[in-house]
Structure formats: structure tokens, C-alpha cells
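This is what each chain is made of:
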Amino acid sequence: MSSGSHVYGYSAVLMGSPILLKLFDNNQALASQVFRLIKQYEDLLTVNRAQSEVMNINHAAGRAPVTVSAPVFELIRCALAASLVKDSCFNLTIGPLVKRWRIGFKGDSVPPAGEIATLLPRTRPEQVILDDEAGTVFLTQPDMEIDLGAIAKGFIADRVRDYLKLQGVEQALINLGGNVQTLGSPPGGWTVGLKKPFGEADALVGAITVENKSVVTSGVYERYFEQDGRRYHHILDPRTGYPLDNELDSVTIISTDSLDGDIWTTLIYGMGVEKGCALLRHQPGIEAIFVTKQREVIFSSASQFSFTLRDFDYRLVTGSTA
Ligand code: AMP
Ligand code: MG
């Protein structure tokens, strides 16, 4: 489309989140196709209903390998690889703990320490067996549960981008409730807001501008509950079974694929600023923006995006040498 064209927004609620698609064309039929595609993938991957391909694997835990479709197998392969990285805080078998904590759902409360200790042995990624040839996934212990909640949106955002590309769309943005994927380079780039932790719904720390990149944020303010004056958020530390506790309020990853963004937000969230920046030095395509509880905004590097600070209670710490 020519520069200065109108942007058309299409919204829906899917995967329990508000979804926004932006196109430079008035094309409701295409938007409906995109929402249908998202729903199809949600139906394969969800663990919030009794039935899905992932739930079939969970129901057969300790009993039998389960054949899954190629995209689900690929996603589980990626999730398993990220879970097996040394000292990784990403864990695809975190399901039993997520289900017990119920963070962000009705009835959430701090489980007794004894229960957490009982659940931890059911969250060992080493006990997931993939068979490439048969296309099967086997959870070798009973009561194990895969949970792809940390990466399903990133995976789906990439599929939407690929689909739009195939349809000949040159510029688009899809926001899957915090996972943003962009296609093309409209004049001035795509601007994505960086949310202010625990602020009003539309309050921003700053604005990130990208072209052809994904922007994924994981934050402790997204889903949490409070008990006895303490906050418990939805990203769990697989080593302890409790929410990860460090200096961070949020981590944003800018990358080509949203799946990478989704995996790396969890990995880096678990590492903190210093270790995270050290690791990202060897990953040129992956860049992080950390927002700390001390109201600092820290970049691992900034070659794929530009950033404008909007809230001057926050302090920009650029070109981190951490
Ligand atoms: P995100 O919003 O992408 O940060 O993902 C959060 C979701 O990932 C949670 O609601 C859980 O379903 C799941 N989850 C929580 N802790 C972990 C973890 N340590 N590793 C993998 N997935 C997790
Ligand atoms: Mg994620």
C-alpha cells in the first residue's frame, strides 16, 4: 500500500485474550480467515479444556506414546530443547504446578509447601520422549502434564505472519494479547507500546518501533494474585515450584520469530539482567529490553528496534555492558 494509507483494525477474543489485527486494507474476509486460523491452532494446543492434541498427550501420561500433528510435534520439540538447556527456567512439563497454583484463574491461592514438593518430581523434561519417525510424544511418568502456555501465542503469531505473507499481504501487525508480530515496514515502522508494570491498562513506559520483527513481553504484572501482602505471579521457577523472584518486572524480546521471543522471555526472565545480557551477546538476532523493579529500562543491545521513553519515572540505561 502507498504511504499514508489508512490502517484498519480487526479485533476478537481468542485464547482468553484480546486479539488485534492491523491491515492496510479494508478486508474483513481476510481478518475472519486469520481469526479462524488462530482458533484452529488454539484447539490443538490448549490445556484449558478437556480435549486437544496436547491434552491427549497429558491424558496418556505414564501409559502410552501419542501421535500428534506435525506442527504440534515441532512446537513440542522446540519447547523440549529450551527446557533441556542447562539451568533453564523454561519447562514444558510445568503443567502440574500451573494447574495447582491456578494463577489468574478463580480459586488461586498459595499451595502448602508439601504439595509443591510432591508436584516438583512430575515436572522433569527429561521424562518426555519424542519419536521423530512415529511423530509421537510420550510422558513416561503418570500425572505429568505438558503446558505450552508460555509459547503457544508466539508460535501462532508466526503462523499468522506466514499466512498473511502467502496471501500477498505486505504490511500487517498481529497482537495476540502481548505477543506482537509484524510484517513489512510501513512508513515510520510499527510502534508497539511497552506497558507500565501495574499501571493503568493504557499506561506505557515507552514505545518500541520495529519493522518485520516480533515484540514479545512477559511481565509479572500480567497475571497474579495477592495473599498476605505478597504478590504471586504466573511465571514459575521450575527449581522451586514458586513464582520466579528477581529484580525484574518485565522482559521484552525483539526477534524475527515470535516463537523465539516467547521462549527467550522465559529463559531470560529466569536469568536476570546480568546473565541474560551475557548470553544474548552470542545471539545477534535476539535482543532484550528489561524493566526492573527499580524503574530502570535496560537494553541488551538495540540494533533491531528504536525506543522512546514516555514515562520519566523510569530511567533509560542504554548499551548495557552488564
Ligand atoms: P508468558 O505469558 O508467555 O510469560 O507465559 C506464561 C505461561 O507459561 C503461564 O501462564 C504458564 O502457563 C506457563 N509457565 C509458567 N511458568 C513456566 C515455566 N517456568 N516454563 C514454561 N512455561 C511456564
Ligand atoms: Mg512467553
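Since the model is a prediction, treat every value here as computed from it, not as a measurement. (Residues numbered from 1 in each chain as written. Chains lettered and ligands numbered in written order. Predicted model: local features only at pLDDT ≥ 70, side-chain atom pairs only at ≥ 80, totals over all residues. Heavy atoms only, no water.)

1. Points about the domain arrangement of the protein chain
This is how it is decided: Residue ranges assigned to each domain were obtained from an automatic or database domain assignment. Two residues qualify as a contact provided that any one of their heavy atoms is within 4.5 Å of a heavy atom in the partner residue. Buried area is a sum: the accessible area each of two parts loses on coming together, probed at 1.4 Å, counted once for each and added. For this document, the term salt bridge refers to a Lys or Arg side-chain nitrogen within 4 Å of an Asp or Glu carboxyl oxygen. To qualify as a helix, a DSSP run of H or I must reach at least 4 residues; to qualify as a strand, a run of E must reach at least 2; elements of each kind are numbered from the N terminus.
Assigned domains within the protein chain: domain 1 (8-37 + 151-317) and domain 2 (53-79 + 93-139). Spacing between the C-alpha centres of domain 1 and domain 2 amounts to 24 Å. The interface of domain 1 with domain 2 comprises 18 residues on the first partner and 18 residues on the second. Taken together, both faces of the contact between domain 1 and domain 2 bury some 1500 Å²; the carbon and sulfur share is 79%. Looking only at domain 1, the three residues that lose the most surface to domain 2 are Phe-225, Leu-236 and Tyr-242, adding up to 34% of its buried area. In this assembly, domain 1 and domain 2 are joined by zero salt bridges. Looking at the side of domain 1 that touches domain 2 element by element, the count peaks at three residues for strand β11 (residues 224-227).

2. Looking at the coordination of the magnesium ion (ligand 2)
Six octahedral donors around a metal ideally make angles of 90 or 180 degrees; four tetrahedral donors ideally make 109.5 degrees. Heads up, the condition is: As a rule, N, O and S atoms within 2.8 Å of a metal are its donors, except that Na, K and Ca use 3.2 Å; water is not among the atoms, so sites may look incomplete. For every residue, the accessible area obtained with a 1.4 Å probe (protein chains only) is divided by the maximum for its type, and the residue is called buried under 20%, exposed over 50%, and partly exposed between those limits.
Looking at the magnesium ion (ligand 2), the protein donor atoms are Ala-150 (O) and Asp-262 (OD), and they sit 2.2 to 2.3 Å from it. In this pair, Ala-150 sits in the loop between β5 (136-139) and α6 (152-166) while Asp-262 sits in helix α7 (residues 258-280), placing the two residues 112 residues apart along the sequence. Since its relative accessible area comes to 32%, Ala-150 is described here as partly exposed.

3. So, the nonpolar core
Short version of the rule: Definition of nonpolar core: a set of buried residues of the types Ala, Val, Leu, Ile, Met, Phe, Trp, Tyr and Cys, connected through side-chain atoms within 4.5 Å.
If you look at the biggest cluster of nonpolar residues, it comprises 70 residues, and the most contacted ones within it are Ile-38, Leu-148 and Leu-164. Lining this core are residues from two domains, each supplying at least three of them: domain 1 (8-37 + 151-317) and domain 2 (53-79 + 93-139). Counting 19 residues, the second-largest nonpolar core is a separate cluster that includes Val-192, Ile-289, Phe-299 and Phe-305.

4. Concerning the sheet that holds strand β14 (residues 287-292)
Defined as follows: Pairing between two strands requires that DSSP report at least two bridges joining them. Every axis corresponds to a line fitted to the C-alpha atoms, with the helix fit spanning only the stretch in contact, and the corresponding angles, defined between N-to-C directions, vary from 0 to 180 degrees.
Taking strand neighbours across the sheet as the criterion, the nine strands line up as β1-β2-β6-β7-β10-β13-β14-β15-β17 in an open arrangement whose pairing is mixed. Of all the strands in the sheet, the pair left with one neighbour each is β1 (8-14) and β17 (315-317). Neighbour-to-neighbour, the strand axes of this sheet turn through a mean angle of 15 degrees, independent of strand direction. In terms of strand pairing, strand β13 (residues 248-255) meets β14 through six bridges, oriented antiparallel. Across the sheet, the residue bridging to Leu-248 is Thr-292, located in β14.

5. Observations regarding the pairing of strand β2 (residues 17-23)
Side chains Ser-17, Ile-19, Leu-21 and Leu-23 of β2 all project onto a buried face; the interleaved residues Pro-18, Leu-20 and Lys-22 project onto a face where none is buried. Of the pairings in the sheet, the one linking β2 to strand β6 (residues 172-176) comprises five bridges and is antiparallel in character. Each residue of the ladder has a partner; that of Leu-23, found in β6, is Ala-172.

6. Let's talk about the sheet that holds strand β9 (residues 204-210)
As summarised here, the arrangement of the three strands in space is β8-β9-β16, forming an open sheet in which the pairing is antiparallel. The sheet is open, and its two edges are formed by β8 (190-195) and β16 (306-309), each paired on a single side. This sheet shows a mean twist of 25 degrees between the axes of neighbouring strands, independent of strand direction. The pairing of β9 with β16 spans four bridges and is antiparallel. Residue Gly-206 lies in a different strand from β16, and its bridge partner there is Leu-309.

7. Notes on the packing of aromatic side chains
The following threshold applies: Pairs were defined over the aromatic rings of Phe, Tyr and Trp, the Trp ring being its six-membered one, requiring ring centres within 6.5 Å. Orientation was assigned from the angle between planes: stacked under 30 degrees, edge-to-face over 60, tilted for the rest. Put simply, a charge is over a ring when the Lys NZ or the Arg CZ is close to the ring centre, within 6 Å, and near the line of the ring normal, within 35 degrees.
Applying the stated rule across the entire model yields 10 aromatic pairs. With 5.7 Å between their ring centres and 75 degrees between their planes, Trp-101 and Tyr-242 make a pair best called edge-to-face. Of this pair, Trp-101 sits in helix α4 (residues 95-101) while Tyr-242 sits in the loop between β12 (230-233) and β13, and the two are 141 residues apart along the sequence. A relative accessible area of 1% means that Trp-101 is categorised as buried. Members of the aromatic cluster, each reached through a chain of ring pairs, are Trp-101, Phe-225, Tyr-232 and Tyr-242. Here the guanidinium or amino end of Arg-159 rests over the ring plane of Phe-155, the centre of that ring lying 4.8 Å away. Of note, Arg-231 hangs over the ring of Phe-198, and the distance from its end group to the ring centre comes to 3.7 Å.

8. Topic: the site of ligand 1
Basically, it comes down to this: Whether a residue is near a molecule or strand depends on its heavy atoms: if one lies within 4 Å, it is near. Each polar contact in these results corresponds to two N or O atoms within 3.5 Å; when the atoms are within protein, one needs to be able to donate a hydrogen and the other to accept it, and residues that are neighboring in sequence are counted only if both atoms are side-chain atoms. Areas reported as accessible are Shrake-Rupley estimates using a 1.4 Å probe. Residue values count occlusion only from the protein chains shown. The nonpolar class holds Ala, Val, Leu, Ile, Met, Phe, Trp, Tyr, Cys and Pro. Asp, Glu, Lys and Arg form the charged class, and all remaining residues, Gly among them, are polar.
Surrounding ligand 1, one finds 16 residues, the nearest of these being Cys-89, Asn-91, Asp-147, Ser-218 and Leu-236. Contacts to ligand 1 include Ser-218, whose side-chain N or O atom sits 2.5 Å from an oxygen atom. Leu-236 places a polar main-chain atom, nitrogen or oxygen, 2.8 Å from a nitrogen atom of ligand 1. Contact with the protein chains hides 92% of the accessible area of ligand 1, taken as 510 Å² for the molecule alone. For the shell around ligand 1, a count of residues per class yields eight nonpolar, four polar and four charged.

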